[in-house]
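# Notes for the structure review
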Amino acid sequence: MSIGQRIKVSRSALGLSLRDLSARIGNRVTAQAISKYERGEAMPGSGVLIALAGALGVPVDYLVSDSDIRLEAVDFRRKRLTSRREEARVEASVLHLLERYLAVEEILGLPTVAWDRPRDAPWPVLNDFGEAEQAALGLRIHWGLGLDPIANLVDLLEDHGIKVLALNLANIDGLTARVRCQDRNIASVVVVNDKDWGERQRFTLAHELGHMVLNVAREIDEEKAAHRFAGAFLMPAETLRAEIGVRRQSISLGELFELKRIFGVSAPALVYRCKELGILSAPVVRRMFEEFTRRGWRKPPYKEPGAMPPEKPRRFERLCFRALSEGAVSEAKAAELLGSSVRELNQLMDEPPDSESVPTAN
């Protein structure tokens with residue numbers, strides 16, 4: 001990316017307008033001048049460049065870097081109507097973090113490898129959602145998971161070459177994208193909302209994984225196919241039936257929340273999965289969802305009893321610690337990569353983490 005493109009990406013990541021950025025640098029240059037920088041029609045002088053970097057919260061080295069990564073095939077999972085400006089902010093935030101992620105891999109001499117994609121993927125979904133169910137089983141087989149519940153989905157994806165990022169996404173639940181550099185794909189990334197509860201994040205991750213491995217026919221609802229994949233991947237039919245039975249006339253909340261603990265999903269996701277498999281009838285499912293609504297579990301912040309803390313992506317942070325410990329980077333560089341101060345970095349390095357924090361209602 002050029003200097004102008006990096007200014008625009010950094011501005012978009014902060015949700016700033018051209019006038020906002022001009023004001024942040026004390027109106028040293030006008031909004032029109034910044035627009036010319038971004039379009040490559042003019043170049044900022046050194047003083048203005050330093051001011052812009054400070055206002056954007058990035059090092060000057062970032063703005064003048066010759067790294068050329070970009071996102072392709074970006075696929076958003078939206079909660080509500082999302083503006084293009086919000087999407088641009090999210091894409092810019094993802095690019096910012098990915099550049100640091102790829103930088104520390106390069107510093108450590110680690111190859112950025114393609115994710116562990118099955119040879120048969122993407123699996124076609126041509127006739128019904130049962131084909132998405134079979135795709136979930138196929139991926140489990142390829143990754144050697146058997147039919148056991150997945151203890152930590154973030155770790156699983158990162159172990160299989162998918163970069164997982166947690167960011168403040170506002171009206172977006174998650175997204176997938178390919179990372180491209182110098183005309184070659186170098187990584188796949190899944191992003192989740194860091195304000196969501198763990199069970200919602202897990203379902204979003206599995207849903208986005210579905211988008212990566214399914215080839216859905218135009219006449220079939222792709223979102224529903226990805227939902228079916230996510231349910232089957234997190235709650236394999238055989239395992240769920242072994243826990244709950246083949247046919248049930250009712251289910252207590254107590255039993256439901258024990259199952260939630262086992263599978264790491266929300267109560268509504270469990271009940272809906274039971275409906276898909278014919279374990280619970282439509283009238284029972286309807287009554288359960290009415291009860292969930294009455295208790296407020298189906299609206300923000302979606303907090304249920306036993307709400308799970310997020311499964312935080314740790315690989316990038318771990319690589320930064322490794323680079324510092326091995327003397328590959330200075331404390332200042334490690335702090336820059338992590339987006340923290342040197343003091344905060346030392347606390348992270350020297351002290352055990354507190355108990356997992358949980359999201360707060362927006």
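Refer to the structure above for everything that follows.
For the structure given in this document, a descriptive report is provided here.

Calculation rules
Residues numbered from 1 in each chain as written. Predicted model: local features only at pLDDT ≥ 70, side-chain atom pairs only at ≥ 80, totals over all residues. Heavy atoms only, no water. Helix = DSSP H or I, 4+ residues; strand = E, 2+ residues; numbered from the N terminus. Rg over C-alpha atoms; globule rule 2.2 N^0.38 Å. Buried < 20%, exposed > 50% of the residue type's maximum accessible area, 1.4 Å probe, protein only. Contact = heavy atoms within 4.5 Å. Salt bridge = Lys/Arg side-chain N within 4 Å of Asp/Glu carboxyl O. Phe/Tyr/Trp six-rings, centres within 6.5 Å; stacked < 30°, edge-to-face > 60°. Lys NZ or Arg CZ within 6 Å of the ring centre and 35° of its normal. Axes fitted to C-alpha atoms, helices over the stretch in contact; angles between N-to-C directions. Parallel < 35°, antiparallel > 145°, perpendicular 65-115°, else oblique. Nonpolar A, V, L, I, M, F, W, Y, C, P; charged D, E, K, R; others polar. Arc of directions from axis to C-beta. Core = buried A, V, L, I, M, F, W, Y, C linked by side-chain atoms within 4.5 Å.

A count of helices and strands for the chain gives 17 helices and 6 strands. What you see for the chain is a C-alpha radius of gyration of 23 Å, in line with the 21 Å of a compact globule of 362 residues. Seen through its C-alpha atoms, the chain measures out along the principal axes to roughly 75 × 45 × 40 Å. Burial analysis of the chain (362 residues in total) assigns 49% to the buried set. Once local pairs closer than 6 in sequence are excluded, the contacts in the chain between residues at least 24 apart make up 72%.

So, on to the environment of G40. Within the secondary structure, G40 is located in the loop between α3 (31-39) and α4 (46-56). With 38 residues separating them in the primary sequence, G40 and S2 have C-alpha atoms 7.8 Å apart.

Let's shift gears to the environment of E208. Tracing the chain through its elements places E208 in helix α9 (residues 198-213). C-alpha of E208 to C-alpha of V192: the two residues are 16 residues apart in sequence and 9.3 Å apart in space. Contact partners of E208, with chain neighbours within four places excluded, come to D75, R77, G174, L175, T176 and V190.

To continue, consider unusual backbone geometry. Residue P122 is reached from A121 by a cis peptide bond, and omega for that bond is 0°. Secondary-structure assignment places P122 in the loop between α6 (84-107) and β2 (123-125).

Attention now goes to the environment of A136. Within the secondary structure, A136 sits in helix α7 (residues 130-142). Residues A136 and R294, spaced 158 residues apart in sequence, show a C-alpha to C-alpha distance of 33 Å. In contact with A136, other than residues within four places in its own chain, are F229, A232 and F233.

Enumeration over the complete set of coordinates arrives at 19 salt bridges. Residue E311 is joined to R202 by a salt bridge in which the shortest nitrogen-to-oxygen separation is 2.7 Å. Linking E311 in the loop between α14 (282-294) and α15 (315-325) with R202 in helix α9, this pair joins segments that are 109 residues apart in sequence. The partner of R294 in a salt bridge is E291, with the nearest N and O atoms 2.7 Å apart. With R294 and E291 both in helix α14 and 3 residues apart, this pair spans about one turn of that helix. Given the relative accessible area of 60%, R294 is considered exposed. Taken together, the shared-partner salt bridges in this structure form one network comprising E133, R228, R273 and E276.

Between two aromatic rings, the relevant description is the distance of the centres plus the angle of the planes. Within this structure, the stated rule accounts for 7 aromatic pairs. Members of the aromatic cluster, connected to one another through ring pairs, are W115, W143, F229 and F233. Above the plane of the ring of F233 lies R140, whose end atom (NZ or CZ) is 5.5 Å from the centre. Between K163 and the ring centre of Y101, over which it is positioned, the NZ or CZ distance is 4.8 Å.

Note that S22 resides in helix α2 (residues 18-24). In this structure, S22 is in contact with N27, R28, V29, T30, A31 and I34, ignoring residues within four places of it in sequence.

Viewed as axis vectors pointing N to C, helix α16 (residues 331-338) and helix α17 (residues 342-350) meet at an angle of 90°, and their least axial separation amounts to 9 Å. By the criterion of interaxial angle, the relationship of α16 to α17 is roughly perpendicular. Residue-level contacts link E331, A332, A334, A335 and L338 of α16 to V342, L345 and N346 of α17. Partitioning the contact of α16 with α17 into residue classes produces 6 nonpolar, 1 polar and 1 charged.

Bringing α16 into the picture now. Restricting attention to buried positions, one finds in α16 the residues A334, A335, L337 and L338. Summarising the axial view, the buried residues of α16 lie within an arc of 160°, below the 170-degree limit, and thus occupy one face. Once α16 ends, the next one or two residues include G339, with phi positive near 70°.

Moving on, we get to the nonpolar core. Among soluble globular proteins, nonpolar side chains are generally buried collectively. Counting residues in hydrophobic clusters, the biggest one holds 58 residues, and the most contacted among them are I7, V94 and V179. The greatest single-element share of this core, amounting to 9 residues, is contributed by α6. Grouped together as the second largest cluster of nonpolar side chains are 57 residues, V125, F203, M212 and F289 included.

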